[in-house]
Amino acid sequence: MRTAYLDHASTAPTRPEAVAAWTERAGLVGNPSSLHSAGRRARSAVEEAREEVAAALGARAGELVWTSGGTEADNLAVKGLWWARRAQDPRRRRVLVSAAEHHAVLDPAEHLREHEGADVRLLPVDAAGRTDLDALAAELAQAPEEVALVSVMWANNEVGTVQPVAEVAALARAAGVPVHTDAVQAVGHLPVDFAAAGVDALSLSAHKFGGPVGAGALLLRRGTPLVPLLHGGGQELGARSGTLSAPAAAATAAALRAALSGQDAERERVAGLRDRLLAGLAERVDGVRVRGSLTDRLPGNAHVTIDGCEGDSLLYLLDAAGVECSTGSACQAGVPQPSHVLLAMGVPAEQARGALRFSLGWSSTQEDVDAALAAVGPAVERARRAAAGSSRAGRRRPAAVAS
Ligand code: PLP
């Protein structure tokens, strides 16, 4: 059976260019911190990759800290900035984050609240998932000297909404507060310019644009105070200890190069497929609601809720039909929960349970879209029957009702 892989936002298929770069470097010995020839060759590979990735994203080589991926970069930014800003001035206890952030930002903030006395404020988002700039301005106006940092993502991983990052940065900078943006879903998919955006820290993750899993970076504006998470060998000028991976760096650079070559045309191609998918879903199935912004949206994101279904049931039914997608949010301890992003957007919990996210990218084709469209009608019918049956049997809460 042919499989349609429509889950690029979870992880993209590794690009052949990245596999080639990885394989070439992985066959060579050398710790980039070693002083002998093999070490220096590994160091050159890391530094060439650093130059290339930083330049492609509007940053200087000295502003890039390699990490193990997006989660580490987010943790380093949120905790590292908070610790450093608090050390400079103990009044800075406040952390402002959008309510639609990924858990890799929300949970470090929550950790700081629980264990270190941070005052975490969630910035509301509108019905499209866009951060409320007035709420941010009001928070910043209240007591700017008490704000340690602001963190607002570049683009949302569930509903695909692109955030007003430059406006967020302008507001925060005017108040003298550093801004972090989680650009994990944006890099390689949208034009991203670190300097032009005016942010102080930016997270990226290689496997979201066809690079290796377990590789990423934090871009950090020169002079931004940061306390490291990891202590040890003092690599990355002390910001992130740990032996650097030359294969990971080289493969990350190769993947980004491939993602950015012909980026405009590719973005249009992928957005065209996405729009066909969204239109086809609405045509074939009643009770489909597109979530997220219709205008400022990741090109590959097709997120919908489908009335009267459990997203999880749909996911398994579609998987059995050879279509791989996601509900968009992780379950907690094996129990599906309505997504915090959809709830923050004001989506009723019953509708939020019917969430389904198809995410397209470099490997996606017309055939993938056709396969999804062919499978979705029968899957929804079965999922609705299952939901209605279980509600009649009283084993579970009532199925969602279309409104
Ligand atoms: N931030 C966002 C917006 C994401 O979508 C993800 C991955 O799903 C992460 C952070 C975590 O990145 P990684 O898988 O590289 O740890």
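What you are looking at is a predicted structure, and each value in this text was computed from that prediction instead of being measured. (Residues numbered from 1 in each chain as written. Predicted model: local features only at pLDDT ≥ 70, side-chain atom pairs only at ≥ 80, totals over all residues. Heavy atoms only, no water.)

Explain the overall build of the protein chain to me, please; I cannot follow it from the model alone.
Within the protein chain one finds 13 helices and twelve strands. Here the protein chain has a C-alpha radius of gyration of 22 Å; the compact-globule value for 403 residues is 22 Å, and the two agree. Structurally, the protein chain occupies a C-alpha span of about 65 × 55 × 35 Å along its principal axes. Within the span of the protein chain, comprising 403 residues, buried residues form 54% of the whole. In the protein chain, 74% of the contacts between residues at least 6 apart in sequence involve partners at least 24 apart. If you sum the accessible surface of the protein chain, you get close to 16,400 Å²; carbon and sulfur atoms cover 54% of it. (Helix = DSSP H or I, 4+ residues; strand = E, 2+ residues; numbered from the N terminus. Rg over C-alpha atoms; globule rule 2.2 N^0.38 Å. Buried < 20%, exposed > 50% of the residue type's maximum accessible area, 1.4 Å probe, protein only. Contact = heavy atoms within 4.5 Å. Areas by Shrake-Rupley, 256 points an atom, 1.4 Å probe, with all protein chains shown as cover.)

Can you walk me through helix α5 (residues 133–142) in this structure?
Along an α-helix, a turn takes 3.6 residues, which lines up residues three or four apart on a common side. Among all positions in α5, only A135, L136, E139 and L140 are buried. Projection of α5 onto a plane perpendicular to its axis shows the buried side chains occupying an angular sector of 130°, all on one side. Residues of α5 that are exposed and angled more than 90 degrees away from the buried face: D134, A141 and Q142. In this structure, the buried residues of α5 make contact with β3 (94–98), β4 (119–123), β5 (147–151) and α6 (165–174). Put simply, D132 is the residue that caps the front of α5, since its side-chain oxygen is 2.9 Å from the backbone nitrogen of D134. (Arc of directions from axis to C-beta. Polar contact = N/O pair within 3.5 Å; in protein donor to acceptor, adjacent residues only side chain to side chain.)

Even after reading the chapter, I still don't get the pattern of salt bridges, so can you show me in this structure?
Here the idea is simple: oppositely charged side chains can pair when their charged atoms come close. Applying the stated criterion across every chain, the model contains 22 salt bridges. Across the salt bridge formed by E110 and R113, the nearest N and O atoms sit 2.6 Å from each other. Of the two residues, E110 and R113 both sit in helix α4 (residues 103–116), three residues apart, roughly one turn of that helix. A salt bridge links R269 to E266; its shortest N-O distance comes to 2.9 Å. Here R269 pairs with E266, and both are found in helix α9 (residues 263–284), just three residues apart, close to one helical turn. Residue R269 is classed as partly exposed on the basis of its relative accessible area, which comes to 33%. (Salt bridge = Lys/Arg side-chain N within 4 Å of Asp/Glu carboxyl O.)

I keep staring at the domain arrangement of the protein chain and nothing clicks. Help me out?
Many analyses report the size of an interface as the accessible area lost when the parts associate. Domain boundaries in the protein chain define domain 1 (16–260) and domain 2 (262–388). Just the C-alpha atoms count here: the centres of domain 1 and domain 2 sit 28 Å apart. Each partner contributes residues to the interface: domain 1 has 28 residues there, and domain 2 has 23 residues. Of the roughly 2,000 Å² buried where domain 1 meets domain 2, counting both sides, 57% is carbon and sulfur surface. The largest contributions to the domain 1 side of the interface with domain 2 come from E158, V159 and H189, which together make up 32% of the buried area. Our count for the contact surface shared by domain 1 and domain 2 stands at zero salt bridges. Within the residue set of the side of domain 1 that touches domain 2, elements represented by two or more residues are α4 and α8 (246–260). (Domains from an automatic or database assignment. Buried area = accessible area lost by both parts, 1.4 Å probe.)

For this particular structure, what's the right way to read α9?
With 22 residues, α9 should cover 32 Å at 1.5 Å per step; its first-to-last C-alpha distance of 31 Å lies within 8% of that length. Residues of α9 that are buried: Q263, V270, A271, L273, R274, L277, L278, G280 and L281. (Expected span 1.5 Å × (residues − 1).)

Could you clarify how one ought to interpret the nonpolar core in this entry?
It is characteristic of soluble globular proteins that their nonpolar side chains tend to be buried jointly. Of all hydrophobic cores here, the largest spans 52 residues; its most connected members are W66, V150, W154, V187 and L202. A total of eight residues in this core trace back to one element, the largest contributor, which is α8. Setting aside residues up to four positions removed in sequence, L202 forms contacts with W154, H180, T181, A183, V187, V192, F194, A217, L218 and L219. Of all hydrophobic cores here, the second largest spans 29 residues; its members include L273, I306, V323 and A372. (Core = buried A, V, L, I, M, F, W, Y, C linked by side-chain atoms within 4.5 Å.)

Would you mind going over the pairing of strand β10 (residues 301–306) with me for this structure?
Remark: a regular strand shows side chains that alternate across the two faces of the sheet. Among the six residues that make up β10, six are buried, leaving the element largely enclosed by the rest of the structure. Residues N301, H303 and T305 of β10 are buried on one face, and the alternating residues A302, V304 and I306, pointing to the opposite face, are buried as well.

Help me out: how do you make sense of the environment of G262 in this one?
Tracing the sequence through the fold places G262 in the loop between α8 and α9. In this structure G262 comes out as exposed when scored by relative accessible area, which is 51%. In the structure, G262 is positioned eleven residues away from A251 in sequence and 19 Å away in space, judged by C-alpha atoms.

I'm lost on the site of the ligand in this one. Help?
Taken together, 13 residues lie near the ligand, and T71, D182, Q185, S205 and K208 sit nearest. Here H102 contributes a side-chain N or O atom positioned 3.4 Å from an oxygen atom of the ligand. Between Q185 and the ligand, the recorded distance is 2.7 Å, taken from a side-chain N or O atom to an oxygen atom. Relative to its free-state accessible area of 390 Å², the ligand is covered by the protein chains to the extent of 84%. If one sorts the elements of the shell around the ligand by residue count, helix α3 (residues 70–88) sits on top with three residues. Its residues assigned to classes, the shell around the ligand shows two nonpolar, eight polar and three charged. (Near = heavy atom within 4 Å. Nonpolar A, V, L, I, M, F, W, Y, C, P; charged D, E, K, R; others polar.)

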